[in-house]
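Coordinates in review
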Amino acid sequence: MDKAKTAKMIEQGQAVLGIEFGSTRIKAVLIDEDNQPVADGGHGWENRLEDGIWTYTLEDIWSGLRSCYKNLKQDVAEKYGVRLTKLAAVGFSGMMHGYLAFDGKGQLLVPFRTWRNTMTEQAAKKLSGLFRFNIPQRWSIAHLYQAILNDEPHVKDVCFITTLAGYIHWKLTGEKVVGIGEAAGMFPIDSAAKDYERRMIRQFDELVADCQYPWKLEEILPEVLMAGECAGVLSEEGAKLLDEDGDLASGVPVCPPEGDAGTGMAATNSVAVRTGNVSAGTSVFAMAVLEKELSSYYEEIDMVTTPSGDPAAMVHCNNCTSDLNAWTGLFAEVLRTFGTDPDPDALYGNLYRKALEGDADCGGLLAYNYFSGESITGFEEGRPLFVRKPDSRFNLANFMRAHLLTSLGALKNGMDILMKKEKIQLDKMYGHGGLFKTKGVGQRFMAAAIDTPVYVMETAGEGGAWGIALLASYMKKRTEGESLADYLNRSVFHGEEGICEKPDPADVKGFELFMERYNRGLAIERAAVESLL
């Protein structure tokens, strides 16, 4: 579509908008009638560690949203010479899980507790045993029950709990709802009923009955909606919250809010059985859409759903590229000391590609990227760590390779349960996120980690903001009875799969050797956590 046609399409209100709140960046993507991105905007933000809690303030959320949308409007004006005033549909997404609790007046009761907090071990273990279903520490129900166990006074005043995406959607539409994939990160889902697991709802209410709270669990959870359903419309107040200039018209249909897992599945066309995707940025998680239920439950594996409600196994790790980013920043500082101001993309690209020259097992080097705790390996806190023996092959290639492999180390432990114990079958995995930005590097190491072909599409860089825009488009444009998988194949991807990286046997073997060292060395990481206070 040429610029004149795109400008007309935007002016006529036919564009669809998706906005996603990631860990370090809020991103907006505007798509055309062919579901292709035509404009974007962004806003950088960072979580805060306050009183031992990883959080964002409500002001962080709203100022970030307004800034992101303003940048999108500016991009539209600069590219097409028009003002963005109308939309065909919109969707909002965010980091899954966490805990936002509100009273009857809509006031936040305690600071937002994000997915990154590993403070609910007692609650998660007790609920997992009660339900016979893995409840990860970052899930909303674990945060609620831990607050109960801690006898926190705010719990008696709770009238509504939700996630970041659910909160934003509520304030912009007035609807207390979430998409089923997002709901699956709050409380277990019955994939057949497409709703919360009723047996477990009853078990929870019985568990806390002695506390005599004035609420039942079902009363304070958001309603579950499926992909394709309309989840309300942008209210007048919501339009003003989004667009501080007051240009945006209200009444825009809004799709169910989804988490970054669901939007990643949509953005990579991995909502069908025997497909999966891995999202690798500040955190990393892999999703695999299952043919059947797992034979048992594992603490390392989350059972969630696709945006259409199909069961999916999720391996989620709190840490991925933060330590890589820190080391890259150090190398940039070294170069600036010598009078060179490196281009960030070139710096990352050259360093990542250098890792391809390293030994398959990283020459005996070992690193841990634990900025925060890592539940898969049993850590409530983390200490970034680099270790080597005197006779290790210490060079830049092995150093970068070790840090790239360790960014996937905890994830590999979880995926090994699925691939080696449960013998699940995957035809392909799709990669997206910052780790895959440098072509052929993160993708190659991910293929080695799971011994499965990994695909990266040209649109992978658009990420979850594009994914939630696609879900909004599906709500608006799907034909009667058309599944999400069929819509994505027909209207978005047209059979394209992207660039494939097949696992190299030498890389696979080298990664296995590195993981033997990684798992033996967890005692070193434990000592660092205990000693570096």
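Data block above holds the structure.
Notes on the structure follow. Not measured: the values here are computed from a predicted model.

On to the overall build of the protein chain, then. Summing up its helical and strand segments, the protein chain has 19 helices and 22 strands in all. A compact globule built from 533 residues would reach a C-alpha radius of gyration of about 24 Å, and the protein chain, at 23 Å, matches this within 12%. Across its three principal directions, the C-alpha atoms of the protein chain cover 65 × 65 × 45 Å. Evaluated residue by residue, the protein chain yields a buried proportion of 61% over its 533 residues. Partitioning the intrachain contacts of the protein chain with sequence separation of at least 6 by distance along the chain shows that 72% fall at a separation of at least 24. Carbon and sulfur atoms make up 48% of the accessible area of the protein chain, which amounts to about 21000 Å² in all. A gap of 3 Å separates the mean positions of the 55 positive and 75 negative side-chain charges of the protein chain.

Attention now moves to the pairing of strand S17 (residues 311-317). Burial analysis of S17 places seven of its seven residues in the buried class, which makes it a mostly covered element. Burial along S17 is two-sided: Pro311, Ala313, Val315 and Cys317 and Ala312, Met314 and His316, pointing in opposite directions, are all buried. As defined by bridge partners, strand S15 (residues 284-289) adjoins S17 across six bridges and the pair is classed as antiparallel. Among the inter-strand pairings, valine 284 is bridged to a residue of S17, identified as cysteine 317.

Along the chain, glutamine 12 turns up in the loop between helix H1 (3-11) and strand S1 (16-21). Owing to a relative accessible area of 41%, glutamine 12 belongs among the partly exposed residues under this scheme. The spacing of glutamine 12 and aspartate 341 is 329 residues in sequence and 44 Å in space, taken between C-alpha atoms.

To continue, consider the sheet that holds strand S13 (residues 258-259). On the basis of which strands lie adjacent, the open sheet formed by five strands has the order S3-S2-S1-S6-S13 and mixed pairing. Looking along the sheet, the strands with just one partner apiece sit at the ends: strand S3 (37-44) and S13. Looking at chain direction, strand S6 (residues 89-94) and S13 are connected through two bridges and run parallel. If you follow glycine 94 over to S13, its bridge partner there is glycine 259. Along the sheet face, helix H2 (residues 58-80) touches S1, strand S2 (25-31) and S3 and points at about 145° away from the line of S3.

A separate point is the nonpolar core. Within the largest apolar cluster, 137 residues are counted, with the highest numbers of intra-cluster contacts made by Leu144, Phe204 and Leu411. Broken down by element, the residue count for this core peaks at nine residues, all from helix H16 (residues 463-477). Excluding residues within four positions of it along the chain, leucine 144 makes contact with Tyr99, Val155, Ile161, Phe204, Trp215, Leu217 and Ile220. By size, the runner-up hydrophobic cluster in this structure holds 44 residues, among which are Leu30, Leu72, Tyr80 and Leu87.

As a further point, take the pairing of strand S14 (residues 275-280). The buried count for S14 comes to six of six residues, which makes it a mostly enclosed element. Covered by surrounding structure in S14 are Thr275, Asn277 and Ser279 together with Gly276, Val278 and Ala280, the residues of both alternating faces. Sheet topology note: the S14/strand S20 (residues 428-432) ladder contains five bridges and is parallel. Counterpart to glycine 276 in the pairing with S20 is methionine 429. As defined by bridge partners, S14 adjoins S15 across five bridges and the pair is classed as antiparallel. Across the sheet, the residue bridging to serine 279 is phenylalanine 285, located in S15.

Its identity as a non-glycine residue notwithstanding, lysine 194 has a phi of 60°, on the positive side. Along the chain, the position of lysine 194 falls in the loop between strand S10 (189-190) and strand S11 (195-196). The residue asparagine 269 is not glycine, and still its phi comes out positive at about 55°.

Turning to a nonpolar patch on the surface, a few remarks are in order. Taken together, the side chains of Leu330, Val334 and Phe338 define a hydrophobic patch exposed on the protein surface, amounting to about 320 Å² of accessible area. Relative to the elements of secondary structure, valine 334 occurs in helix H11 (residues 322-337).

A word on the sheet that holds strand S21 (residues 454-456). Through backbone hydrogen bonds, the strands of a sheet pair up, either in parallel or in antiparallel fashion. Strand order in the open sheet formed by seven strands is S16-S17-S15-S14-S20-S21-S22, with mixed pairing between adjacent strands. The open sheet terminates on both sides in strands that have one partner only, identified here as strand S16 (302-305) and strand S22 (499-501). Sheet twist, expressed as the mean angle between neighbouring strand axes with direction ignored, is 30°. Packing of helix H10 (residues 260-267) onto the sheet brings it into contact with S14, S15, S16, S17 and S20, and relative to S15 it is tilted by some 65°.

Another point: helix H15 (residues 442-450). Of all nine residues in H15, eight are buried; the element is thus mostly enclosed. Residues of H15 that are buried: Gly442, Gln443, Phe445, Met446, Ala447, Ala448, Ala449 and Ile450. Positive backbone phi, at 50°, marks aspartate 451, one or two positions downstream of H15.

Right, let's get into the layout of surface pockets. Its boundaries defined by the atoms lining it, the largest pocket holds a volume of some 1500 Å³. Taken together, 48 residues form the lining of the largest pocket, with Thr24, Ala280, Gly281, Gly433 and Gly434 sitting closest to its centre. Where the lining of the largest pocket is concerned, the elements lending two or more residues are S1, S2, H10, S14, H11, helix H12 (344-354) and H16. The leading source of residues in the lining of the largest pocket is H12, at five residues. For the lining of the largest pocket, the residue count by class is 14 nonpolar, 23 polar and 11 charged.

This part is about H2. In this model, H2 (23 residues) spans 33 Å end to end at C-alpha, consistent with the 33 Å of a helix rising 1.5 Å per residue. For H2, the complete set of buried residues consists of Asp60, Ile61, Trp62, Gly64, Leu65, Cys68, Tyr69, Leu72, Lys73, Asp75, Val76 and Tyr80.

The rules behind each value
Residues numbered from 1 in each chain as written. Predicted model: local features only at pLDDT ≥ 70, side-chain atom pairs only at ≥ 80, totals over all residues. Heavy atoms only, no water. Helix = DSSP H or I, 4+ residues; strand = E, 2+ residues; numbered from the N terminus. Rg over C-alpha atoms; globule rule 2.2 N^0.38 Å. Buried < 20%, exposed > 50% of the residue type's maximum accessible area, 1.4 Å probe, protein only. Contact = heavy atoms within 4.5 Å. Areas by Shrake-Rupley, 256 points an atom, 1.4 Å probe, with all protein chains shown as cover. Lys, Arg positive; Asp, Glu negative; His and termini not counted. Charge placed at Lys NZ, Arg CZ, Asp CG, Glu CD. Pairing = 2+ DSSP bridges. Axes fitted to C-alpha atoms, helices over the stretch in contact; angles between N-to-C directions. Core = buried A, V, L, I, M, F, W, Y, C linked by side-chain atoms within 4.5 Å. Patch = residues over 30% accessible without salt bridge, like charges linked within 9 Å, V, L, I, M, F, W, Y side chains within 5 Å. Salt bridge = Lys/Arg side-chain N within 4 Å of Asp/Glu carboxyl O. 1 Å grid on protein atoms, 1.4 Å probe; cavity = no way out; pocket = protein on both sides within 12 Å on 5 of 7 lines; lining within 4 Å. Points joined across faces, edges and corners; volume = space filled by probe spheres on them. Nonpolar A, V, L, I, M, F, W, Y, C, P; charged D, E, K, R; others polar. Expected span 1.5 Å × (residues − 1).

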